[in-house]
Structures are given as structure tokens and as C-alpha cells.
Amino acid sequence: MSVVDRQEWDVVVVGAGGAGLRAAIEARERGARTAVICKSLFGKAHTVMAEGGIAAAMANANENDNWRVHFRDTMRGGKFLNQWRMAELHAQEAPQRVWELETWGALFDRTKDGRISQRNFGGHEYPRLAHVGDRTGLELIRTLQQKIVALQQEDFKETGDYESRLKVFQECTVTRVLKEDGRVSGVFGYERESGRFFVLEAPAVVIATGGIGKSFKVTSNSWEYTGDGHALALLAGAPLLNMEFVQFHPTGMVWPPSVKGILVTESVRGDGGVLRNSDGKRFMFDYIPDVFKDKYAETEDEADRWYEDPDHNRRPPELLPRDEVARAINSEVKEGRGSPHGGVFLDVSTRMPAEVIKRRLPSMYHQFKELADVDITAEAMEVGPTCHYVMGGVAVESDTAAARGVPGLYAAGEVAGGMHGSNRLGGNSLSDLLVFGRRAGWHAAEYAAGLAGARPVVDDGQIDSAAAEALRPFSAESEIEEPKGGPPENPYTLHQELQQAMNDLVGIIRREPEMKQALEKLAELRVRARRAGVEGHRQFNPGWHLALDLRNMLLVSECVARAALERTESRGGHTREDHPGMDRKWRRINLLCALTDPTGGLAATDPVRGQIALTRETTEPVRADLLALFDKEELVKYLAEEELYE
Ligand code: FAD
């Protein structure tokens, strides 16, 4: 067995986006020797792509804002399926996390009187997104990296080694969480460049690997987002929560084909951009659902007045939560009122002077100019829904971010479930990363310290099986006996077929027969994936990397499809054409996905029958003082009959 490196740490953080870096900083500050592992270059994570901003009720732009209003907006956006304690902690702690970033060197845009500027976003009652133009994620990551370097410099002064207490392993992929007696004992992975295997032994592992978008054909996500952390948790024995909820962002680029899916930030609408169909109509006024009727403008005049006087006018319906806007665009296109390339028009050119557009939306200006040869200061953009974010994820304890059922395992950021319920509000992810990244790092460090001399030991047998699993694509032809027949499969072909199936059959609008068809297709792909073969060596071999990522995408896709088939209602990021309404009975139900083989081995499971078992659990009742923040008439729209009675 060819493990080249075996090191010991107290806490290992898998993922170096906002959640992972915030967790690592916290763990290190609490005394844990902490390693961070990331699949791509350090600093290149989804977080860096975040454009719009960080949602935090700092009340800089409207003094009526506070954590309670933010909590209410988050619960409404998630259609009350949020793990309410997470939503509470998030709303309460987000402002502190933003101010803390500033003390670490972040330079946010300012108001005229020098405070952190906050912008409007869909579903947020007040302007709430702290931002840096439309490059907020870049500033967030830059600041966290700078903080990490500062901590390493402190360590150097004390120990003579920059990496003695905090080390980043970049361009490395983790393929397994290792365990001893049910507790976490470390991780197994490989260096992407050399292909060499490594083991980091640690009693606490924080998973912060982000999303799953690469299972879908049209997505805003980049190549890393293959659901690795979701799969790592499942394979380690931790359940995933409510995986049916996948957010399709309403505005991705639709043209040219090579850039289809790339995000057009919601700030375009927050700053005054409007959506029009091919008849030139601002169609969103026709799509305000009953639950939001009293909060959104009914006429264009009122909507436009809101930008200047939000206290006396209702907000424009372009700023409804993302699920509502995405469905509306989908309907317009379906009804034949779409733009030439199958989207709708998003226009800022008639709404703001060119220099304001270039100042407030610099990335969007360049993105369209360079990728589509469209000048957004002079003409409308063409946009359509794109798979963007997964609300479902690792089921965690709200306060500690501990993954359920696996001592020593933690999850934070997009990979964790619960916080956003059935639909995430824009800007609530960056704040989620900081709030729960910190909490995960804190509790992981505490857990590791509490074990003192009784740390789990890494079992060599597990290392051997993880290595054999990783090497399997090199021997697809010669060694694999079952399933017999057929040459090795090309991982790229399998990936394309998976993406197409998920896009077409479990996408933005779902129907029972199509989801059943998707499950059949997934069964076929699982069988074929056992023969996924690659040529060449382990030295930088992207085909091999993809062959390994396929395991994760297939697991996660099965979770999404099974849960979507089970939930017979429409709520947030899950729309059933055959069950169009939100059903209050379903508010009380969480769907949990676990592996059918609890030992975490996949070879033994029947690929046709499936690898995922689904169970229902009753959600915890929302605490009374939090319910009291809502009008009774509003609660009647969301809560199940028995909850109202209680
Ligand atoms: P990420 O930032 O996605 O980082 C994941 C990390 O895990 C990476 O370092 C990756 O390399 C690593 N990783 C993955 N798998 C492995 C593995 N197997 N082994 C080792 N490492 C691994 N949200 C907002 O709140 N506001 C916004 O304005 C906003 N804009 C967005 C714009 C775009 C284009 C996109 C795509 C998303 C946007 N979001 C926004 C969402 C938000 O950016 C993400 O949800 C968030 O950044 C996820 O952060 P994270 O820390 O959970 O993971």
C-alpha cells in the first residue's frame, strides 16, 4: 500500500471556502493543531465567486432592521422548513461576524456617513447585504486568508515553523472519512498533481466542501462541486437532510452555449434591474403568490417608488424569493414569451446611467462584454434559471454543527442542511458560512481537546480499502468481475448522461413519472460506473479524478431524486407539477437519506436496487417566542393544523 504521507492533527477541515477557513481559524485560535485540505488552489472556492453580499441585520441602511426581522425573512424564504434554531443563531450572530471581518481587514463599500453599506436583495425586508461592489466573496476569502497568514506568522515566532499549528494542503482531494469504533479517526485522500495518497489522522473532521451543482447540466457551480462532502458524510454514516431542495437561481446566462448557467447576480435586480418577456411586459406582477401578496407592489409605479422610499411603498416583485422568480421565468419561456435564446430579458440599461452600472456591477459588465459581447449599459441581458445551491445537506446539531450519529464529524456551510429550509435567501449563504464555520471549528476543537489520551486510532485495513477504491478506475477492464460484459466506461460520458438526466428529470419542475425514470437511469449509471475506467498514470489525470467524483455525484443525485419523489407537495426549491400547492402537513416532515449499507461499503450494495434508504422524521416544533414574531394569519398559511392548535 502506497501511503506516502501520514500526519497527525487535532482538527482536519475539508474545504477552504468561507466555511472551511472560518472553521480553521476558530479551531486554531482555540488551541487545536488544524489542517485544511482543498481540492483546488487555496483561495479558489465558490465563496470567491459570491457577488451580491453578506446578509446581516446591522441596520445601517434602515434602522428598523434587527435580527428578529432577519429571522422572519429567513423562515419565510425557507417556507418554515428551516431548522429554526439555526435560523435564530444565524440572524443573531451574522452582524458580529461581519464586524469581525472588518477588524481582520475587510474593506466593505460605505454609506455616505461612513458605515458599511447594505443593499437590497430578494426576500429581505430591508437593505441588508454588506458588499464590496459585486465582488464580495473575493474580499471575504482574501480577508480570511490574510487572517490565516497572520496566525501562521504568530506560530512562526513561537515555534520557528509557519505551519506548526495551521497548515493548508491545496490541490488535494479527500475520498474517505476514516473511523474507529464509530468515531472519526482521520481522512484519506490523494494529491491531485502527483496522485500520491495521504492520511491525516485526527479525531475531529469538519466537512466544508460546498455544493452539488455539477450533477446538473446547467449550473452556476464550477468543477469542484461534485457533492463530495455530502457523500463523505453519508459514507461515514451521517444522514443527509431534505435533499430534494435544490435552488435554481432565476438568472443565469443563457447564451452563448459555452457559458450557459454562469450566474447573473441578484444585485442586478436589487439595484433596480427589471425582468421583461418578449412582449416587453414586466411579468413578475402576475406571479406574486398569496403568501407574499401584502408585501409586494401591485403596480410598476409603486415598485419603482420603493427604491427611493421603501418605508411607504411595497417592494418590486422582481425581488421575490428566488424559487418564485425562477418558476415565473420558466413559465414565461414555456408559454412562448421568452427571449431568442430561451430565457427572458433582464434590463438595467434603461434603469441606471452607464457609469452607475459600471460602478455598482463591474463584474456583470465585464462578464457580459467578454463572454457574450453584450454591453449591459446599452441593452438587456438574456437570462434563465440555473442550478445554483443545495439547501439539503448533512443533518447537524444546530448549536455545535456536529453531524448526527458520527462523533467527531462536523459540517458547515453549503454542505450542511437545515439552515435555509426549502429555499435560501440571497446573501444568507455568506453569513451562514461565517456563523456556522466558526461554530464548527469551535466545537471540533473542543471535542478533540476533550479526548486527551483516548484518541481513535487509524485502522490500516481502512486505509487499504480506501486506496483500493481509489485505484479501481485503473483496472476497470482486467479486474472487475461484476457486472460482466462491456468495455470500460468513459467517465466523461457517464457524467454527461448524469447531468442531462438530473437536469431534464429532477430539475426545476418535477413530475412523478420523470423522477421514476431518473431513478432507473441512475441505477443504469451506477452499474456502468463500476466499469468507469481510465488510462495512464496517477500523475495529474483529470479522467481519474472525475471517475472518483462520479461515486459522489451518483450518491447525491440518488438522494435528490428519492427525496423529490417522496415529497408530494411544492415548497421552495422543490416544485411538483403533479402536486402544485404547499401542503401544511408536510411542514412537519423532514426526509433523511442514509446509506443502505451502514458499514459504508458500496461494492456490496446492489446498484440496481439503489444505495440510499429514505426515512421520515417529525420536525421539532418552533419555539413559542419565535413563533410570536409572526402574525397569526401568516402562521396559518404555513403551520400544520396540529401545530396551530398546540
Ligand atoms: P465553497 O466556497 O464552495 O468551498 C468548498 C471547498 O471545498 C473548496 O475549497 C473545495 O476545493 C473544497 N472541496 C470540495 N470537495 C473536496 C474534497 N473532496 N476534498 C478536499 N476539498 C474539497 N451566497 C451569498 O450569500 N451571497 C452571494 O452573493 C452569493 N453569490 C454567489 C455567486 C456564485 C456564482 C455562486 C456559485 C454562489 C454564490 N453564493 C452566494 C453562494 C455561496 O457562494 C456558496 O454557497 C458558498 O460560498 C459556499 O461556501 P462553502 O464554504 O460552503 O464552500
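Just so we're clear, the structure is a prediction, and the values are computed from it rather than from any experiment. (Residues numbered from 1 in each chain as written. Predicted model: local features only at pLDDT ≥ 70, side-chain atom pairs only at ≥ 80, totals over all residues. Heavy atoms only, no water.)

**A closer look at the site of the ligand**
Rules: Working definition: residue near molecule or strand if any one of its non-hydrogen atoms lies within 4 Å of it. Polar contacts, as counted here, are pairs of nitrogen or oxygen atoms within 3.5 Å of one another; within protein the pair requires one atom able to donate a hydrogen and one able to accept it, and residues that are adjacent in sequence qualify only if both atoms are side-chain atoms. We get accessible surface area from the Shrake-Rupley algorithm with a probe of 1.4 Å; when it comes to residues, only the shown protein chains can shield them. The secondary structure listing takes helices from DSSP runs of H or I that are at least 4 residues long and strands from runs of E that are at least 2 residues long, numbered from the N terminus.
Taken together, 38 residues form the shell around the ligand, and within it Thr-47, Gly-52, Asp-228, Glu-414 and Leu-430 come nearest. Contact distances for the ligand include 3.0 Å between a nitrogen atom and a backbone N or O atom of Val-174. Leu-430 places a main-chain nitrogen or oxygen 2.8 Å from an oxygen atom of the ligand. For the ligand, whose accessible area on its own is 1,000 Å², the fraction buried by protein is 99%. Counting only elements with at least two residues in the shell around the ligand, the list comes to helix H1 (18–29), helix H2 (46–49), strand E8 (172–180), strand E16 (381–390) and helix H12 (428–451). The greatest single-element share of the shell around the ligand, amounting to 4 residues, is contributed by H12.

**A word on a negative patch on the surface**
To keep it simple, the criterion reads: A patch consists of residues whose relative accessible area exceeds 30% and which take part in no salt bridge; residues with like charges are grouped when within 9 Å of each other, and nonpolar side chains (Val, Leu, Ile, Met, Phe, Trp, Tyr) when within 5 Å. The term salt bridge refers to a pairing of a side-chain nitrogen on Lys or Arg with a carboxyl oxygen on Asp or Glu at a separation within 4 Å. Positive charges come from Lys and Arg, negative ones from Asp and Glu, while His and the chain ends are left out of the count. Here the site of a charge means atom NZ of a Lys, CZ of an Arg, CG of an Asp or CD of a Glu.
A cluster of like negative charges, contributed by Glu-63, Glu-308, Asp-309 and Asp-311, occupies part of the molecular surface. Tracing the backbone shows Glu-63 in the loop between strand E4 (54–55) and helix H3 (67–77).

**A word on the packing of helix H15 (residues 512–529) against helix H16 (residues 542–566)**
Which entries qualify depends on this criterion: Helix axes are fitted only over the stretch in contact, all axes being lines through C-alpha atoms; the angle between N-to-C directions runs from 0 to 180 degrees. Angle categories are assigned with fixed cut-offs, so that under 35 degrees is roughly parallel, over 145 is roughly antiparallel, 65 to 115 is roughly perpendicular, and the rest are oblique. Here a crossing is called left-handed whenever its near helix is offset anticlockwise from the far helix by less than a right angle, and right-handed whenever the offset is clockwise. The contact rule is simple, with two residues in contact once any of their heavy atoms fall within 4.5 Å. Lys, Arg, Asp and Glu make up the charged group, whereas Ala, Val, Leu, Ile, Met, Phe, Trp, Tyr, Cys and Pro make up the nonpolar group; the residues left over, Gly among them, are polar.
Taken N-terminus to C-terminus, the directions of H15 and H16 make an angle of 160°; their axes are 10 Å apart at the nearest point. With respect to their mutual orientation, H15 and H16 come out roughly antiparallel. In the crossing of H15 with H16, the sense of the turn from one axis to the other is left-handed. Of the residues in H16, those touching H15 at Glu-512, Met-515, Lys-516, Leu-519, Leu-522, Leu-525, Arg-526 and Ala-529 are Leu-554, Ser-557, Glu-558, Ala-561, Arg-562, Ala-564 and Leu-565. Looking at side-chain class alone, the contact of H15 with H16 contains 9 nonpolar, 1 polar and 5 charged residues.

**Details of the nonpolar core**
The condition that has to hold: Take the buried residues of types Ala, Val, Leu, Ile, Met, Phe, Trp, Tyr and Cys, join any two whose side-chain atoms come within 4.5 Å, and each joined set is a nonpolar core. Categorising residues by exposure relies on relative accessible area from a 1.4 Å probe, with only protein chains included: less than 20% of the type maximum marks a residue as buried, more than 50% marks it as exposed, and the intermediate range marks it as partly exposed.
Val-12 and Leu-409 are the most contacted members of the largest nonpolar core, which totals 134 residues. In terms of residue count, H16 provides more of this core than any other element does, 13 residues in total. Setting aside residues up to four positions removed in sequence, Val-12 forms contacts with Ala-35, Ile-37, Val-187, Leu-200, Ala-202, Ala-204, Val-205 and Val-206. If you look at the next biggest cluster of nonpolar residues, it comprises 43 residues, including Phe-71, Val-268, Val-622 and Leu-635.

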